[in-house]
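# Fold and geometry: a report
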Amino acid sequence: MAELMPWLEPWYRRFVAAMAAERAPQALMLGGPRGVGKEALAQALAARWLCERPLEAGESACGQCRSCRLLRAGDHPLAWRLAPEASLGNEGRQITLEQIRDLQEGLSLAEAGRRVVTIVPAEAMNRFTANALLKVLEEPPAGVSFLLVTESPSALLPTVRSRCQVWWIAPPARDAALAWLATQEGGPQAAPLLDLAGGAPLAALQWARAGWGRWIERFLAEVGGEAPKSPLTWAAGLESWLKAKETQESGFGLEAWMDWWLRWLHDLARVASGAPARHFPQAGERLRALAGRASLRTWLALETKARARAEWVRHPLNLRLYLEDVVSDYADLIGGKG
Ligand SMILES: [Zn+2]
């Protein structure tokens, strides 16, 4: 078994202890911010649940048995993984009713005994699919362990949530995250991205490996408003940045920019309320100067509005207009003139 990240180990041990006491949760919701290792934890728990010869001393899955090998190959007949599938008519990246029905059928056909169902991300279930899953959760077949991975447990149907034991996987302490990053390939380059990633080491590492470190300065120069722009020119510049070959090749696009944008607005609201910046501590002075230009209430309203806009980030009808709309209030606030 691949080594589990140190901050996930207590959760893993908790699961193993519950298994030993024969009270492992039938349905477990692994919540936590992106890039904190929820999927790695789910994989480790699934391996442990299914392993035929767990190592007693280390309490770990053996990594060698038939079950461990099949699971690693993504080919275990008793392990289901439900994730949004890219297909026609599924641009919203939803888990479909058909997937839940296939699961139901698979569970009814499969031999009894230990089985595991991982749903990732669980918030990709809409009301209908969640209700279909609820029927399974209400009368779960014996031996089936459900692992629901999500960034926002509160976005799930309360009836589904209440069937689950909910674990919130918080990012590790900064020192622990940096120590772990130092041992990873590309990790040193990830250190400056750790705060921006909200302390989530895997997110920082992924961004660093994609070369996103170079985009921070550009992002900050624009949002920091050193050179005030009108929303129109700003949106035009943003569009050409996001569409540039180099940008796209690094995997940085509208979704990533919007994610950073929300984090920036969040920091402004924090600083306006007297708290320290969380994602952009290196821009603390700039944040303080900007935060003073409006009331906390205004910054909070701006953040709320931006979050609503972000719902459409995957399919804006028109990129330029979308960007104009997203930056317009902010540009007015920090002094851009039409
Ligand atoms: Zn094994």
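Notes on the structure follow. Given the structure is predicted, the values throughout are model-derived calculations rather than measurements.

The full count for this structure, using the stated rule, is 20 aromatic pairs. Here the basic side chain of Arg-114 rests over the ring of Trp-49, its NZ or CZ set 4.4 Å away from the ring centre. Lying across the ring of Phe-128, Arg-127 places its NZ or CZ 4.8 Å from the centre.

On to helix 13 (residues 254-272), then. Residue pairs three or four apart in sequence face the same way in an α-helix, which turns once every 3.6 residues. In a regular helix each residue adds 1.5 Å, so 19 residues correspond to 27 Å; helix 13 covers 26 Å between its end C-alpha atoms and thus fits that length. Taken across its 19 residues, helix 13 has 15 buried, putting it largely inside the fold. Immediately beyond the C-terminal end of helix 13, within one or two residues, lies Gly-274, with a positive phi of roughly 95°.

Listed as protein donors to the zinc ion are Cys-51 (SG), Cys-62 (SG), Cys-65 (SG) and Cys-68 (SG); their distances from the metal cover 2.3 to 2.4 Å. One can describe the site at the zinc ion as tetrahedral: its four donor atoms subtend angles covering 104 to 118° at the metal. All donor residues of the zinc ion come from one chain, and their arrangement in sequence is C-x10-C-x2-C-x2-C. Highlighted residues: Cys-51 in the loop between helix 2 (38-50) and helix 3 (66-72) and Cys-65 in the loop between helix 2 and helix 3, separated in sequence by 14 residues. An identical accessibility class is assigned to Cys-51 and Cys-65; each is buried.

With respect to the secondary-structure elements, Leu-232 resides in helix 11 (residues 231-243). Once the C-alpha coordinates of Leu-232 and Leu-323 are considered, the two residues, 91 residues apart in sequence, prove to be 8.8 Å apart.

Over the atoms, a rolling probe the size of a water molecule traces out where space has been left empty. Counted under the stated rule, the structure contains two cavities of 30 Å³ or more. When its volume is computed, the largest cavity comes out at roughly 80 Å³. Along the walls of the largest cavity sit Trp-261, Leu-265, Leu-302, Lys-305, Ala-306, Arg-309, Asp-325, Val-326, Ser-328, Asp-329 and Tyr-330, which together make up its complete lining. Within the residue set of the lining of the largest cavity, elements represented by two or more residues are helix 13, helix 15 (296-310) and helix 16 (319-333). Of all the elements, helix 16 adds the most residues to the lining of the largest cavity, at five residues. Of the residues in the lining of the largest cavity, the class split is six nonpolar, one polar and four charged.

Moving on, we come to the nonpolar core. Formed by 91 residues in total, the largest nonpolar core has its most connected members in Trp-257, Trp-261, Trp-264 and Tyr-330. Broken down by element, the residue count for this core peaks at twelve residues, all from helix 13. Summarising the domain contributions, this core has at least three residues from each of domain 1 (6-170) and domain 2 (210-333). Residue contacts for Tyr-330: discarding those within four places in its chain leaves Val-223, Trp-234, Trp-261, Trp-264, Leu-265, Leu-268, Leu-290, Trp-299 and Leu-302. Judged by nonpolar contacts, the second largest core, of 25 residues, contains Leu-107, Ala-124, Leu-137 and Cys-164.

The rules behind these values
Residues numbered from 1 in each chain as written. Predicted model: local features only at pLDDT ≥ 70, side-chain atom pairs only at ≥ 80, totals over all residues. Heavy atoms only, no water. Phe/Tyr/Trp six-rings, centres within 6.5 Å; stacked < 30°, edge-to-face > 60°. Lys NZ or Arg CZ within 6 Å of the ring centre and 35° of its normal. Helix = DSSP H or I, 4+ residues; strand = E, 2+ residues; numbered from the N terminus. Expected span 1.5 Å × (residues − 1). Buried < 20%, exposed > 50% of the residue type's maximum accessible area, 1.4 Å probe, protein only. Donors = N, O, S within 2.8 Å, 3.2 Å for Na, K, Ca; no water. Tetrahedral: all angles 85-135°; square planar, octahedral: opposite > 155°, others 65-115°. 1 Å grid on protein atoms, 1.4 Å probe; cavity = no way out; pocket = protein on both sides within 12 Å on 5 of 7 lines; lining within 4 Å. Points joined across faces, edges and corners; volume = space filled by probe spheres on them. Nonpolar A, V, L, I, M, F, W, Y, C, P; charged D, E, K, R; others polar. Core = buried A, V, L, I, M, F, W, Y, C linked by side-chain atoms within 4.5 Å. Domains from an automatic or database assignment. Contact = heavy atoms within 4.5 Å.

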